[in-house]
Amino acid sequence: MDDREGFRPVLGEAASFAGDWLDGVREGAIPPRADIDAVADALGRDLPARGPSPEAVIAHLAAAVEPGLMRMHSPRFHGWVIGGAQPVSLGADWLVSAWDQNAGLRSLSPGVVAAEEIAASWLLRLLGLPDGAEVGFVTGATAANLVGLVCARDATLRRSGWNTAVDGLAGGPRVRLLVGAERHGSIDGAARLAGLGGGREVAADDQGRIRLDALRAALADGDGPAIVCLQAGNVHSGSFDPFAEAVEISHAAGAWVHIDGAFGLWAAAAPRLRALTAGMGGADSWATDAHKTLNVPYDCGVAVVARPEAMHASMAQHAAYLQSSAGIADPSDRVPELSRRARGVPVYAALAQLGRDGVADLVQGLADAATVIADGLRGLAGAEVLNDVVYTQVCAAFGDDERTRRVGDALRAGGIALASPSQWRGRAVLRLSVSNWLTDRREAERTVEAVRAAVEKVDRLR
Ligand SMILES: *Cc1c(COP(=O)(O)O)cnc(C)c1O
């Protein structure tokens, strides 16, 4: 079998199934129709001695799995913070799989390294981060938070005369970790993996922003190496910490500042939202996602560290056989992995197509749609919007907790729009996040209509 016979038919088949799935994105019901057991039954649980042709496996896979898929690409899918995928980034992602390059070393694949390095420099420019910062492409913001915290840990300990690379953590000075009361859970997970423990919680204001008086007091209460975690984009309110002051206070106390901006860092790319990020560029490390706001396919997160040496000291691996490039950083010097897919290539493609203005319009469009949703919800019987809608997040309640939960269930059952149930400031809420490039004003209005129908259904059944 030559390569042509081997790959073309199966890729054609996969493209055809993918096209069918994507064609249904805008109008198809959002929730899955089948549960995990049903899908597993359809897939078949027994490993065959030998299977059928590649095309037959792809056809079977598509037919069995599709009923269990959530239409996360729907413009009215507002659960969690989950972006869609733009055509150009999906196309680039397919090329990455077909090329199948190991993106770990400069000497291995000049092609993908060049694309990733250009993407990295464009990202720094768009997000208002320092020019000379280092950028690593990781699986998501959780991994990017881990990279930031590990670099922070090692750098702050080095300043205290302790070298984790040689001596580990045990027996060294304790690193104080200060986190906002409304940090994302991934900060806790990353801190645990980094050996930093649970951290000290710093009080937040009514929008979930870190309070400067509380931060000042927490920093004054102790000494030695310290890390302060700030947030751009609170998952409930969309709020941003007051970076300029918080960074200044933290640096004055000798602390490293890390910013989790999984979806919020992107506000810097939109002129009318940029003020939310004022002072953000003064931090020491940042985490963001390309698979959320930029709408490239999973998995694509971005870890940024202001001082390249700090990133290399914590991330690089050295071995004679690797033929690392002398004196110049390899991609693997910026991330925990050695071998990985060239996940920065779809970022290059998305940015190349959108351009600076296109990215600004994308981000502004998400925020505008959130405003349309919030305004619409305020007009529904018994509904309240609990947050100041400054960015892409809307947090709504529909009377008491029970009624709010029922509205969420009815909305999901209706299949037209979806929001995630949560708890914020002691109340049950429905959280609507706008992070899909397809969500324009018209789709935002359709979301409001779907919520209106859900509210009416709940009240009829009472
Ligand atoms: C989504 C999110 C994360 C985690 O990102 P993953 O890409 O899911 O790993 C971290 N912080 C915030 C604020 C987020 O919204």
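For clarity, every value in this text was computed on a predicted model and none was experimentally measured. (Residues numbered from 1 in each chain as written. Predicted model: local features only at pLDDT ≥ 70, side-chain atom pairs only at ≥ 80, totals over all residues. Heavy atoms only, no water.)

Broken down by element type, the protein chain carries 14 helices and twelve strands. With respect to the three principal axes, the spread of C-alpha positions in the protein chain is 65 × 65 × 45 Å. Residue burial in the protein chain is summarised as follows: out of 462 residues, 51% are buried. Once local pairs closer than 6 in sequence are excluded, the contacts in the protein chain between residues at least 24 apart make up 73%. Summed over its atoms, the accessible surface of the protein chain is roughly 20400 Å², and 54% of this surface lies on carbon and sulfur atoms. Separation of charge centres in the protein chain, based on 45 positive and 56 negative side chains, amounts to 3 Å. (Helix = DSSP H or I, 4+ residues; strand = E, 2+ residues; numbered from the N terminus. Buried < 20%, exposed > 50% of the residue type's maximum accessible area, 1.4 Å probe, protein only. Contact = heavy atoms within 4.5 Å. Areas by Shrake-Rupley, 256 points an atom, 1.4 Å probe, with all protein chains shown as cover. Lys, Arg positive; Asp, Glu negative; His and termini not counted. Charge placed at Lys NZ, Arg CZ, Asp CG, Glu CD.)

Moving on, we get to the site of the ligand. Lining the immediate environment of the ligand, one finds 13 residues, of which T142, D260, D289, H291 and K292 sit closest. K292 is positioned such that a nitrogen or oxygen atom in its side chain is 2.9 Å from an oxygen atom of the ligand. Here the ligand, which alone exposes 380 Å², has 85% of that area covered by the protein. Counted by class, the shell around the ligand contains four nonpolar, six polar and three charged residues. (Near = heavy atom within 4 Å. Polar contact = N/O pair within 3.5 Å; in protein donor to acceptor, adjacent residues only side chain to side chain. Nonpolar A, V, L, I, M, F, W, Y, C, P; charged D, E, K, R; others polar.)

The next thing to look at is the sheet that holds strand 12 (residues 427-433). One open sheet accounts for five strands, arranged 1-11-12-10-9; its pairing is mixed. What marks the edges here is a single partner per strand, and that holds for strand 1 (77-78) and strand 9 (384-385). Bridging between strand 9 and strand 10 (residues 393-397) involves two bridges; their strand directions are antiparallel. Looking at the pairing, V385 lines up with A396 of strand 10. Of the strands in this sheet, strand 10, strand 11 (418-424) and strand 12 touch helix 13 (residues 401-414), which is tilted by about 35° from strand 12. (Pairing = 2+ DSSP bridges. Axes fitted to C-alpha atoms, helices over the stretch in contact; angles between N-to-C directions.)

So, about the domain arrangement of the protein chain. When cut into domains, the protein chain gives domain 1 (3-23 + 32-66), domain 2 (91-349) and domain 3 (356-460). Centre-to-centre, using C-alpha coordinates, domain 1 lies 35 Å away from domain 3. (Domains from an automatic or database assignment.)

Mapped onto the elements of the fold, A103 is located in the loop between helix 4 (87-99) and helix 5 (110-127). For the pair A103 and A342, spaced 239 residues apart in sequence, the C-alpha to C-alpha distance is 5.2 Å. Setting aside residues no more than four positions away along its own chain, A103 makes contact with V112, E116, P331, R340, R341 and A342.

Further remarks concern the pairing of strand 11. Bridge count for strand 1 against strand 11 is two bridges, and the pairing is parallel. Bridging across to strand 11, H78 finds its partner in A419. Of the strand pairs in this sheet, strand 11 and strand 12 are connected by five bridges, and their pairing is antiparallel. Each bridged residue has a counterpart across the sheet, and for P421 the counterpart in strand 12 is L430. If you look at the hairpin formed by strand 11 and strand 12, you'll find two residues sitting between the two strands, and R425 has a positive phi there, around 50°.

At a closest axis distance of 8 Å, the pairing of helix 4 and helix 12 (residues 345-378) adopts a crossing angle of 150°. As summarised for this structure, helix 4 and helix 12 are arranged roughly antiparallel, according to the angle between their axes. The way helix 4 lies across helix 12 gives a crossing that is right-handed. Listed contacts from helix 12 to V88, S89, A92, D93, V96 and W99 of helix 4 are V345, P346, A349, A350 and Q353. (Parallel < 35°, antiparallel > 145°, perpendicular 65-115°, else oblique. Left-handed = near helix turned anticlockwise from the far one by under 90°.)

With that settled, consider the packing of aromatic side chains. Tallying each qualifying case throughout the model produces four aromatic pairs. Ring geometry for F77 versus W80: centroids 6.3 Å apart, planes at 25°, classification stacked. Exposure remark for F77: the relative accessible area of 2% places this residue in the buried category. Take W80: its relative accessible area is 42%, and that puts it in the partly exposed class. (Phe/Tyr/Trp six-rings, centres within 6.5 Å; stacked < 30°, edge-to-face > 60°.)

Our next topic: helix 4. An α-helical segment advances 3.6 residues per turn. Residues three or four places apart therefore align on the same side. For helix 4, which comprises 13 residues, the first-to-last C-alpha distance of 18 Å matches the rise-based estimate of 18 Å (1.5 Å per residue) to within 8%. For helix 4, the complete set of buried residues consists of S89, A92, D93 and V96. Considered in projection along helix 4, the buried side chains sweep an arc of 105° and stay on one side of the axis. Facing away from the buried side of helix 4 by over 90 degrees, the exposed positions are P87 and A98. In this structure, the buried residues of helix 4 make contact with helix 12. Where helix 4 terminates, the next one or two residues include D100, which has phi positive at roughly 50°. (Expected span 1.5 Å × (residues − 1). Arc of directions from axis to C-beta.)

In terms of nonpolar packing, the biggest core is built from 58 residues, with F137, L230, I259, M280, L294 and V347 touching the most fellow members. Of the residues forming this core, the biggest block, seven residues, is contributed by helix 12. In this structure, this core is formed jointly by two domains, domain 2 (91-349) and domain 3 (356-460), each of which donates at least three residues. Setting aside chain neighbours within four positions, we find M280 in contact with L127, L129, A232, F243, I259, L265, A268 and W286. Core analysis: the second largest hydrophobic core is formed by 29 residues, V138, I187, A190 and L196 among them. (Core = buried A, V, L, I, M, F, W, Y, C linked by side-chain atoms within 4.5 Å.)

A contiguous nonpolar patch, built from I118, W122 and Y348 and spanning about 250 Å² of accessible area, is present on the exposed surface. If you trace the backbone, W122 turns up in helix 5. With a relative accessible area of 33%, W122 lands in the partly exposed category. (Patch = residues over 30% accessible without salt bridge, like charges linked within 9 Å, V, L, I, M, F, W, Y side chains within 5 Å. Salt bridge = Lys/Arg side-chain N within 4 Å of Asp/Glu carboxyl O.)

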